[in-house]
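Okay, here's what each chain looks like letter by letter:
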Amino acid sequence: MNPASPLRSGNDSADLVSVIIPAYNVAPFIKEALDSVFAQTYPHYQVIVVNDGSPDTPALEQVLTPYMHRVTYIKQENRGLAGARNTGLRAATGGLIALLDADDLWTPDYLEEQTRFLNEHPEYDLVYSNARLFGDTVYDGQEYTAVCPSAGEA
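What counts and how
- All residue numbers refer to positions counted from 1 along the written sequence of the respective chain.
- Residue-level local features of this predicted model are given only where pLDDT is at least 70; pairs of side-chain atoms are given and counted only at 80 or more, and the full residue set underlies all totals for whole chains, interfaces and linings.
- Hydrogens and water are ignored here; the side-chain numbers use all heavy atoms of the structure.
- Runs of H or I in DSSP of at least four residues are treated as helices and runs of E of at least two as strands, each being numbered from the N terminus.
- Here's how the labels work: a residue is buried when its accessible area is under 20% of the maximum for its type, exposed when over 50%, partly exposed in between, all with a 1.4 Å probe on protein chains only.
- Side-chain atoms alone can form a polar contact between residues adjacent in sequence; in general such a contact is a pair of N or O atoms within 3.5 Å, and within protein one must be able to donate a hydrogen while the other accepts it.
- The contact rule is simple, with two residues in contact once any of their heavy atoms fall within 4.5 Å.
- What we call a nonpolar core is a set of buried Ala, Val, Leu, Ile, Met, Phe, Trp, Tyr and Cys residues that are connected through their side-chain atoms within 4.5 Å.
- Directions pointing from the helix axis toward each C-beta atom define the arc.
- A residue's pLDDT is the predictor's confidence in that residue, given on a scale from 0 to 100.
- Being paired, for any two strands, means DSSP has found at least two bridges between them.
- Note on geometry: axes are lines fitted to C-alpha atoms, helical ones only across the stretch in contact, with angles between N-to-C directions running from 0 to 180 degrees.

Undergrad: Explain the side chain of Thr 87 to me, using residue names and the numbers behind them.
TA: By the secondary structure assignment, Thr 87 is in helix α3 (residues 80–91). Given a relative accessible area of 9%, Thr 87 falls into the buried group. At a separation of 2.4 Å, a polar atom in the side chain of Thr 87 contacts the side chain of Gln 76.

Have a look at this one:
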């Protein structure tokens, strides 16, 4: 972690980032997503995985087994993406929230950079980043903002 980072105590719930990962048919992908969270340079986070009534629950739970001591795992009936995120929000104890889809990855400094920005700019309530698209798609290697540019001020 960068010593110049303006963290408060480091143990305060305001410093804790609750990472919410909805899970629905993501058994083949979620390991990489979790590994990208556990590789973060920012050490103060909790991980909440919400199984949203996934039809691949046995495979999902098999993938999650080595991580169970490091995640809060919640199972619910299918309520859709928003319902899964809302369940994760209710379980969150951090002062900040980070949403991660189970088929996405973070660079190791993702949380550090975003928490630093929010700590240095308390006038902002939200921060988001660009993304590099990957996988078996025509957009592989392109940046999200080039494919889907923001409208208005960003």
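Undergrad: Can you tell me about helix α1 (residues 30–38), naming the residues and giving the values?
TA: The set of residues buried in α1 consists of Ile 30, Ala 33, Leu 34, Ser 36, Val 37 and Phe 38. On its buried side, α1 packs onto β1 (17–23), β2 (45–52), α2 (57–64) and β3 (71–76).

Undergrad: Describe the environment of Leu 100, listing the residues and the values that go with them.
TA: Position of Leu 100 among the secondary structure elements: in the loop between β4 (96–99) and α4 (110–120). It is 12 Å that separates the C-alpha atoms of Leu 100 and Phe 29, two residues lying 71 residues apart in sequence. Leave out the neighbours within four places in its chain, and Leu 100 touches Val 19, Ile 20, Ile 21, Pro 22, Ala 33, Ser 36, Val 37, Leu 105 and Trp 106.

Undergrad: Got a sec to walk through the nonpolar core? Specific residues and values, please.
TA: Among the nonpolar cores identified, the biggest contains 25 residues, and Val 19, Ile 21, Ile 30, Leu 34, Val 47, Val 49 and Leu 111 are the most heavily contacted of them. Among the elements of the structure, β1, α1, β2, α2 and α4 are those that each provide at least two residues to this core. Of the residues forming this core, the biggest block, five residues, is contributed by α1. When residues no more than four places from it in sequence are discounted, the contact partners of Ile 30 are Ile 21, Ala 23, Val 49, Leu 60, Val 63, Leu 64 and Ala 102. Counting six residues, the second-largest nonpolar core is a separate cluster that includes Ile 48, Val 50, Ala 84 and Ala 92.

Undergrad: Describe in detail α2, supporting the description with residues and values.
TA: Buried within α2 are the following residues: Thr 57, Leu 60 and Leu 64. Down the axis, α2 shows its buried residues gathered within 60° of arc, on one side only. Residues of α2 that are exposed and angled more than 90 degrees away from the buried face: Pro 58 and Gln 62. Tucked inside the fold, the buried residues of α2 contact β1, α1, β2 and β3.

Undergrad: Give a description of the confidence of the model for the protein that names residues and reports values.
TA: Residue-level pLDDT values for the protein average 88, and 91% of them are 70 or greater. Here residues 1–10 is modelled with pLDDT under 50, and outside its nearest four sequence neighbours on either side it reaches 21 contacts, counting other chains as well.

Undergrad: Account for the sheet that holds β2, naming residues and giving values.
TA: If you walk across this open sheet you meet the four strands as β3-β2-β1-β4, and the pairing is parallel. The outermost strands of the open sheet, each flanked by one partner alone, are β3 and β4. Strand-to-strand, the axes of this sheet are offset by a mean angle of 25°, without reference to chain direction. Sheet topology places β1 next to β4; four bridges connect them, and they run parallel. The residue bridging Val 17 from the neighbouring strand is Leu 96, located in β4. In the packing of α1 onto the sheet, contacts are made with β1, β2 and β3, and the angle to β2 comes to roughly 165°. Contacting β1, β2 and β3, α2 crosses the sheet at an angle of about 170° to β3.

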